[in-house]
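Structural characterization, general
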2 protein chains.
Amino acid sequence: MKKLINNPRSVVAESLQGFEIAHRDLVKVHLDPDYVIRRDAPVRGKVALVSGGGSGHEPLHSGYVGAGMLTAAVPGAVFTSPTPDQILPAIVESDSGSGVLLIVKNYTGDILNFETAAELAGVEGIDIRTVVVNDDVAVEDSTYTAGRRGVAGTVLVEKIAGGSAERGDDLAKVTEVAERVNANVRSMGVALAPCTVPHAGEPSFTLADDEIEMGVGIHGEPGRHRVPMTNADSITDQLMEPVLSDLGITSSDKVLLFVNGMGGTPLSELYIVYRRAAQILAERGVSVERSLVGNYITALEMEGASVTVLRLDDELTQLWDSPVKTPALRWGE
Amino acid sequence: MKKLINNPRSVVAESLQGFEIAHRDLVKVHLDPDYVIRRDAPVRGKVALVSGGGSGHEPLHSGYVGAGMLTAAVPGAVFTSPTPDQILPAIVESDSGSGVLLIVKNYTGDILNFETAAELAGVEGIDIRTVVVNDDVAVEDSTYTAGRRGVAGTVLVEKIAGGSAERGDDLAKVTEVAERVNANVRSMGVALAPCTVPHAGEPSFTLADDEIEMGVGIHGEPGRHRVPMTNADSITDQLMEPVLSDLGITSSDKVLLFVNGMGGTPLSELYIVYRRAAQILAERGVSVERSLVGNYITALEMEGASVTVLRLDDELTQLWDSPVKTPALRWGE
């Protein structure tokens, strides 16, 4: 294992220290317990959004803290849920009195720990709701999950619900928007090569030179099946079919098409996948209204990609376009 | 070799096709000859900036086409210079009558081909200047270069000269700004693992499990020496010392600190490198005024990183902050 780290145990803390210096115009970093919070939090009169989960998926979630997206992000150890002791102070410091929406990816540990923190925050009188993201069509249950996993759709939930909170919507409305995004977004991923968790020191799985993991999770957990390596168009076809089928896409739909890199795949290859995905949608008469291509939710240096399709309506499109100013996503200021 | 491609010969064209669909609000893509150009080019009354070079360094250069940065980018085959036949039409279509600045990384093939295109453009009556970027302190001459290589500093030249052109500076002024950035920027990189060029099919070099290439180029070409693998802080020390020494940094300096990923290194590791680089500057009393951390000039999926330090003055800082709206760099709109 060769990594640009000093010690497997200090990876998250040292990375957060660097993150804070680089982005101190936007965020504050609290260490021990670790969380990242908007510099101007709490924001008076606005619903707060708090998310989090295991580290190793950067820029998710810390990179999305800032105006128009998350109020706070709570990073656990690599691929490990954050604890209630971390989540609770992030909630308390984020709340302006307008309430807090928790955005939780559907993994058993995350669900339990955010639920515990939510109960404790409720006792402190904070108005709190939770939306669970479960956009991955690959498998129904998996290594760390009862039900579908939450993957790249999380980025879209955070951006669009963040836009709703930023324009001053109340907690019920922001929650409804987040749930609407989750209900209309589907994803599926593929791995060509594994990643190595620093404290494990060995690749999290192995693949033969001629096979790929179709439907892989963002921790390298198994997907649907291993298939022989093939070309980008064929791989994209295999990813798009279950996504579109599950979404029940029709020719009148307008969508956001998101091709995400898992960390170790060149951007040029993501555009080749995007090209085929856009062709498939065009053939079905579906209008691609918005796009996102890049490494937005990763699995360390895993080689692979995922495709995500979000069915848009006018309000979701408007909230997607609304200004955002975070370390990793920024436009329309 | 497992890559998300269809055919090694169609990688650049198919990637550009995807790029165009994803970013058609910002750019037009011309195929055969290949170049990417601002949707609104030529921009009346503004100097045009044209850059380019081998593909495989994405998002450089195509990702930087848009308001406040490049007018056009000319991508060659992977790690191969674009031809004069590509560069010339990009120049002609970019020119609004206010002249064109070519931003060329210092590689022999790029120099020759941009020079030829510049001569042909001159014959057509276009006012044309060239700035050659050579920020890499690792080696004096190298595989593809007489003199120092142009690496990550190129991103900063393109952004800051782009700001100068966007505010309406004339060609002499935009050229002076670009040269001032190049004179005040230094970089050095390290590779932990190689990349594989699609049409080669094999890694471009090999490294033992316990060694790294210090001073590597963005094509995987050799640097200063191979050294035993060590921790991130020690690697960062070895990168920063020659950069700061060559720059003649002093405690009154204000700088932009840029930690760039080579493509296959997790963002969290880049922040660990950034942390140490910022510590080194703080220890020397140097003020880090601006930061950039991420995959901005890559070598396909190479694992590694580079550090870049730019000595700022008030005008360069102001131009760095000025609005930019490109597929890969966007703020302050």
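Residues numbered from 1 in each chain as written. Chains lettered and ligands numbered in written order. Predicted model: local features only at pLDDT ≥ 70, side-chain atom pairs only at ≥ 80, totals over all residues. Heavy atoms only, no water.

Looking at an unreviewed UniProt entry, one finds chain A named phosphoenolpyruvate--glycerone phosphotransferase, with Arthrobacter zhangbolii as its source organism. The UniProt entry for chain A carries this comment under Subunit (unreviewed entry): "Homodimer. The dihydroxyacetone kinase complex is composed of a homodimer of DhaM, a homodimer of DhaK and the subunit DhaL." Its UniProt record gives chain A a comment under Catalytic activity (unreviewed entry), which states: "dihydroxyacetone + phosphoenolpyruvate = dihydroxyacetone phosphate + pyruvate". (UniProt positions renumbered as here; feature names shortened; annotations may be inferred.)

Turning our attention to the packing of aromatic side chains. All names here are of chain A. If you walk through the whole model with that rule in mind, you get six aromatic pairs over all chains. An angle of 70° between the planes, with centres 5.9 Å apart, marks the rings of Phe258 and Tyr296 as edge-to-face. Of the two residues, Phe258 sits in strand S10 (residues 254-261) while Tyr296 sits in the loop between strand S11 (287-294) and strand S12 (303-311), which places them 38 residues apart along the sequence. (Phe/Tyr/Trp six-rings, centres within 6.5 Å; stacked < 30°, edge-to-face > 60°. Helix = DSSP H or I, 4+ residues; strand = E, 2+ residues; numbered from the N terminus.)

All names here are of chain B. For helix H8 (residues 314-321), every residue scored as buried is listed here: Leu316, Thr317, Leu319 and Trp320. Within H8, the buried residues cover an arc of 165° as seen down the axis, which keeps them to one side. Exposed side of H8, more than 90 degrees from the buried face: Asp314 and Gln318 are the residues found there. In this structure, the buried residues of H8 make contact with helix H4 (153-166), helix H5 (171-183), strand S10 (254-261), strand S11 (287-294), strand S12 (303-311) and strand S14 (330-331). Structurally, the start of H8 carries an N-cap: the backbone nitrogen of Glu315 is 3.0 Å from a side-chain oxygen of Asp313. (Buried < 20%, exposed > 50% of the residue type's maximum accessible area, 1.4 Å probe, protein only. Arc of directions from axis to C-beta. Contact = heavy atoms within 4.5 Å. Polar contact = N/O pair within 3.5 Å; in protein donor to acceptor, adjacent residues only side chain to side chain.)

Overlay of chain B on chain A (RMSD 0.0 Å): rotation 180°, translation along the axis 0.0 Å. With respect to symmetry, the two chain copies, as superposed, fit the operation of a two-fold axis. No C-alpha of chain B approaches the rotation axis more nearly than that of B:Gly264, which lies at 2.1 Å. Most of the interface of chain B is mirrored in chain A, where 100% of its interface residues again form contacts. (Least-squares fit on C-alpha atoms with pLDDT ≥ 70 in both.)

All names here are of chain A. Taken together, six strands build an open sheet; the order of strands is S1-S2-S4-S3-S5-S6 and the sheet is mixed. Each having just a single partner strand, strand S1 (27-30) and strand S6 (128-133) make up the two edges of the open sheet. Going across the sheet, the axis of each strand differs from the next one's by a mean of 20°, ignoring polarity. Relative to S6, strand S5 (residues 100-105) runs parallel, the two sharing six bridges. Counted as the bridge partner of Ile103 is Val131 from S6. Sheet strands touched by helix H4 (residues 153-166): strand S2 (35-38), strand S3 (48-55), S5 and S6. Its angle to S3, the strand with the most contacts, is close to 160°. (Pairing = 2+ DSSP bridges. Axes fitted to C-alpha atoms, helices over the stretch in contact; angles between N-to-C directions.)

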